[in-house]
Amino acid sequence: MSIREEILSIIEKNSRIGVHDLSVLMGEDEVLIANELKTLEDEGIICGYHTMIDWSKTDIEKVNALIEVKVTPQRGLGFDSIAERIYKYPEVTSVYLMSGGFDLMVILEGKTLQEVAGFVSNKLSTLDTVLSTATHFILKKYKDHGTILDRQYEDTREKVSP
Amino acid sequence: MRNPIGRKVVDIRPSGIRKFFDIVLETEGAISLGVGEPDFDTPWHIRDEGIYSLEKGRTFYTSNSGLKELRSEVSNYIKRTQNVTYDPLKEIFITVGGSEAIDLALRAMVDPGDEVLIPQPSYVSYEPCAILADAKPVIIELKEENQFRLTAQEILDNVTDRTKILVLPFPNNPTGAIMEKKDLEEIAKVIIEKDLYVISDEIYSELTYSGKHISIVSLPGMKERTILINGFSKAYAMTGWRLGYACGPEEIMAQMVKIHQFAIMCAPTTSQYAAVEALKNGDSDVEVMRSEYNRRRRYLLSEFERIGLTCFEPFGAFYVFPSIRKFNMSSDEFCTRLLKEEKLAVVPGTAFGDCGEGYIRISYAYSLDNLKAAMERLERFIQKLQ
């Protein structure tokens, strides 16, 4: 594994780790790692250091929805300009161009069902290039970003073994 | 009533680990760094193949030697890792873990009174298995100054006319020591010169952190006189599946299979189907686990340096074996006090042979968070002693 790949694979799981700890785990020089991190940020490969939160365990209401969107691509611009139109809304958390039965997958976060429904009917569906939408609400997250959310790890091994 | 117990068995010392295990169980809130098995789950695609084999009703015995497909995959694996060719039909068979293979190899090869060289510290079963096979175990005490590697001179110092077998346990549990090519070349010379056979237990072969593992069977003239033992427990995190294998000269394999067929019949069928998948598509899983172990290994060594615990740098398995000599107490006392006072369980070096005195075995088959919590306790304990 290259230094770059190893840094990325470690911080993808733990973005809070510091340069010193990274250098210990990887057996590499701290300066080298700090430089590589800087380069990765400059190149836009590291795009942010987010925290994974299971909001459902808090008393704060959040509603997530996946919206399948069919659009008419625009001459010379393809899907990019319509995607941009959509991703500029702050309530939109992700936009992907898809292969298959629809064009854009839009992931939305709102406070209530009404808020999400309102966004779809008032803002999204009224865009000229949008042909149709299909909204799916997320009922429960089992696993997100490689992390299983509804399971506590339990070490079931014998405590001491040869 | 007559004494129901045979003397040979009574005379075998109980495992030092067992005794410690009981104390750990009684200690509430203890963190343990005492296990000898991976903390990872068996990769899902491997488990899935096991489940699928059950769904398809593959619930019968396999042939005594194991599934032909699995033996072929083992043969391919050794070819691609060591560039050595074994005939899957005659020179490979599937066992219930590497442990069974160790037992069978000794039973198949020794006559009463034959001497078996056993380097220690090492895994707990070689010596009792040799005794049960009516052989005479001869212990070679490995030295930290050699990074716990076995040297040609140490073999020469212990060889007699009755010496027949050398057990070669590398990468080593509990020290984490490995043997590099030059080390193997030196001992191979002596092995050939003294006409010895080798039982090479390479169960930790995939967990080597300084380049690829080299098996002694890849050296000229050694395949003919080596029983190569390996398995799925450590590389693929499959300890509970109980599956290993032995490879070696046809005439020895035939005798080992004979005992296996009477004592065991065949290795678990479900496990064998899962293992085919492991060998076919498991390389990337091994790579991920190896990288993770390596990070933990580096972390522990850096922590030891920080808190003032001396330890040679081990490059294999998932153990570190620091010295506790400077604290002027026995390994047993150190471990018992560490458990009582800081609720941290590690294994005394003496569980792996008398020459493990002055050392403790720390396993890093634990998450980094777990290791961090454990190192805080170890640091507190050591500060108290100094």
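See the structure printed just above.
Sequence order as written defines residue numbering, which begins from 1 separately in each chain. Both sets of labels track the order of writing: A upward for chains, 1 upward for ligands. Whole-chain, interface and lining totals are the exception, using all residues; otherwise, since this is a predicted model, local features are given only for residues with pLDDT of at least 70 and side-chain atom pairs are given and counted only at 80 or more.

**Q** So what exactly am I meant to see when it comes to the sheet that holds strand β12 (residues 360-363) of chain B here?
**A** The strands that make up a sheet pair up through hydrogen bonds in the backbone, lying either parallel or antiparallel. All names here are of chain B. Only strands joined by at least two bridges in the DSSP assignment are considered to pair. Secondary structure elements follow DSSP: runs of H or I of four or more residues count as helices, runs of E of two or more count as strands, with numbering from the N terminus. Spatial ordering of the open sheet is given by β9-β12-β11, a layout of three strands whose pairing is antiparallel. Each of the sheet's edge strands pairs with one partner strand only, and the pair in question is β9 (319-320) and β11 (347-348). Note: β11 against β12, two bridges, orientation antiparallel. Along β12, the bridge assignment pairs valine 347 with arginine 361.

**Q** How should I be thinking about the pairing of strand β2 (residues 92-97) of chain A in this particular structure?
**A** When a strand is regular, its side chains alternate between the sheet's two faces. All names here are of chain A. As defined by bridge partners, β2 adjoins strand β3 (residues 104-110) across five bridges and the pair is classed as antiparallel. Bridge pairing in β3 places leucine 97 opposite leucine 104. Adjacent in sequence and paired antiparallel, β2 and β3 are bridged by six residues, among which glycine 100 carries a positive phi angle near 105°.

**Q** It is not clear to me how the interface of chain A and chain B should be interpreted in this structure. Could you clarify?
**A** Size of an interface, as often reported, equals the accessible area lost when the parts are brought together. Throughout, a pair of residues is in contact if the C-beta atoms placed from their backbones lie within 7 Å. In this assembly, ten residues from chain A lie in contact with 20 residues from chain B. Among the residues forming the side of chain A that touches chain B, the class breakdown is five nonpolar, two polar and three charged. When residues are sorted by character, Ala, Val, Leu, Ile, Met, Phe, Trp, Tyr, Cys and Pro go into the nonpolar class, Asp, Glu, Lys and Arg into the charged class, and all the rest, Gly among them, into the polar class.

**Q** What exactly am I supposed to notice about the packing of helix α4 (residues 68-82) of chain B against helix α10 (residues 269-281) of chain B here?
**A** The relative placement of two packed helices comes down to the angle between their axes together with the axis-to-axis distance. All names here are of chain B. Axes here refer to lines fitted to C-alpha atoms; in helices the fit is confined to the stretch in contact. Angles between the N-to-C directions go from 0 to 180 degrees. In the contact formed by α4 and α10, the axes pass within 9 Å of each other and the chain directions differ by 30°. Relative to α10, the element α4 is oriented roughly parallel. Here α4 runs over α10; the crossing is left-handed. Between α4, through Glu69, Leu70, Glu73, Val74 and Tyr77, and α10, the contact on the second element is made entirely by Gln272, Ala275, Val276, Leu279 and Lys280. In terms of residue class, the contact of α4 with α10 is built from six nonpolar, one polar and three charged. Angles below 35 degrees are treated as roughly parallel, those above 145 as roughly antiparallel, those between 65 and 115 as roughly perpendicular, and all remaining angles as oblique. The hand of a helix crossing depends on one turn: near helix anticlockwise from the far one by less than a right angle means left-handed, and clockwise means right-handed.

**Q** What is the right way to look at the sheet that holds β3(A) in this model?
**A** All names here are of chain A. As summarised here, the arrangement of the four strands in space is β2-β3-β1-β4, forming an open sheet in which the pairing is antiparallel. Either end of the sheet is taken by a strand with one partner, and the two such strands are β2 and β4 (130-137). Across the sheet, the mean angle from the axis of one strand to that of its neighbour is 20°, orientation sign disregarded. Most of the contacts of helix α4 (residues 80-87) go to β2, to which it runs at about 165°, and overall it touches β1 (63-71), β2 and β3. Lying over the sheet, helix α5 (residues 113-124) contacts β1, β3 and β4, oriented at roughly 20° with respect to β1.

**Q** Explanation requested: the pairing of strand β3 (residues 115-120) of chain B in the structure shown.
**A** Residue and element names in this part refer to chain B. In terms of burial, β3 is a largely internal element, six of the six residues being buried. Partly exposed residues are those whose C-beta has more than 12 but fewer than 20 other C-beta atoms within 10 Å; with 20 or more the residue is buried, with 12 or fewer it is exposed, and the C-beta atoms are placed from the backbone. Across the two faces of β3 the burial is the same, with Glu115, Leu117 and Pro119 and Val116, Ile118 and Gln120 all buried. Bridge analysis of β3 against strand β4 (residues 136-141) gives six bridges, and the strand direction is parallel. Bridge assignment links leucine 117 to a residue of β4, and that residue is valine 138. Here the term right-handed applies to a crossover when the path leading from its first strand over the helix to its second strand runs clockwise, the strands being oriented away from the viewer. On the question of chirality, the crossover connecting β3 to the parallel β4 by way of helix α6 (residues 126-132) is right-handed. Here β3 pairs with strand β5 (residues 163-168) via three bridges, running parallel.

**Q** For this particular structure, what's the right way to read α4(B)?
**A** Residue pairs spaced three or four apart in an α-helix point in one direction, given the helix's 3.6 residues per turn. Residue and element names in this part refer to chain B. What a helix should span is 1.5 Å times the count of its residues minus one. Between its first and last C-alpha, α4 extends 21 Å over 15 residues, near the 21 Å set by a 1.5 Å rise per residue. Every buried residue belonging to α4 is among Leu70, Arg71, Val74, Ser75, Ile78 and Gln82, and all of these are buried. Angular distribution of buried residues about the axis of α4 spans 145°; they occupy a single face of the element. Pointing more than 90 degrees away from the buried face of α4 are the exposed residues Lys68, Lys79 and Arg80. Its buried side turned inward, α4 meets β2 (92-95), β8 (244-247) and α10. At the C-terminal side of α4, asparagine 83 shows a positive phi close to 55°. Each direction from the helix axis to a C-beta atom contributes to the arc, which is the arc of those directions.

**Q** Where do I start with the nonpolar core in this structure?
**A** In summary, soluble globular proteins display a tendency toward joint burial of nonpolar side chains. Residue and element names in this part refer to chain B. Residues Ala105, Leu106 and Ala246 are the most contacted members of the largest nonpolar core, which totals 119 residues. Broken down by element, this core gets its largest block of residues, seven residues, from helix α5 (residues 97-109). Those residues in contact with leucine 106, other than ones at most four positions away along the chain, are Val116, Cys129, Ala130, Ala133 and Ala135. In this usage, the nonpolar core is the set of buried Ala, Val, Leu, Ile, Met, Phe, Trp, Tyr and Cys residues whose C-beta atoms join them within 7 Å.

**Q** Would you explain the packing of α5(B) against helix α9 (residues 250-263) of chain B in this entry?
**A** All names here are of chain B. Axis separation between α5 and α9 bottoms out at 9 Å; the angle between their running directions is 115°. Comparing the axis directions of α5 and α9 gives the class roughly perpendicular. Judged by the twist between their axes, the crossing of α5 over α9 is right-handed. For the pair α5 and α9, the contacting residues are Leu104, Ala105, Arg107, Ala108 and Met109 in the first and Ile252, Gln255, Met256, Ile259 and His260 in the second. Tallied by class, residues from the contact of α5 with α9 come to seven nonpolar, two polar and one charged.

**Q** Sorry, what's going on with the environment of Ala134(A) here?
**A** Residues and elements named next belong to chain A. You can see alanine 134 is positioned in strand β4. Between the alpha carbons of alanine 134 and glutamate 36 there is a distance of 43 Å; along the sequence they are 98 residues apart. Excluding residues that lie within four positions of it along the chain, alanine 134 makes contacts with Ile67 and Glu68.

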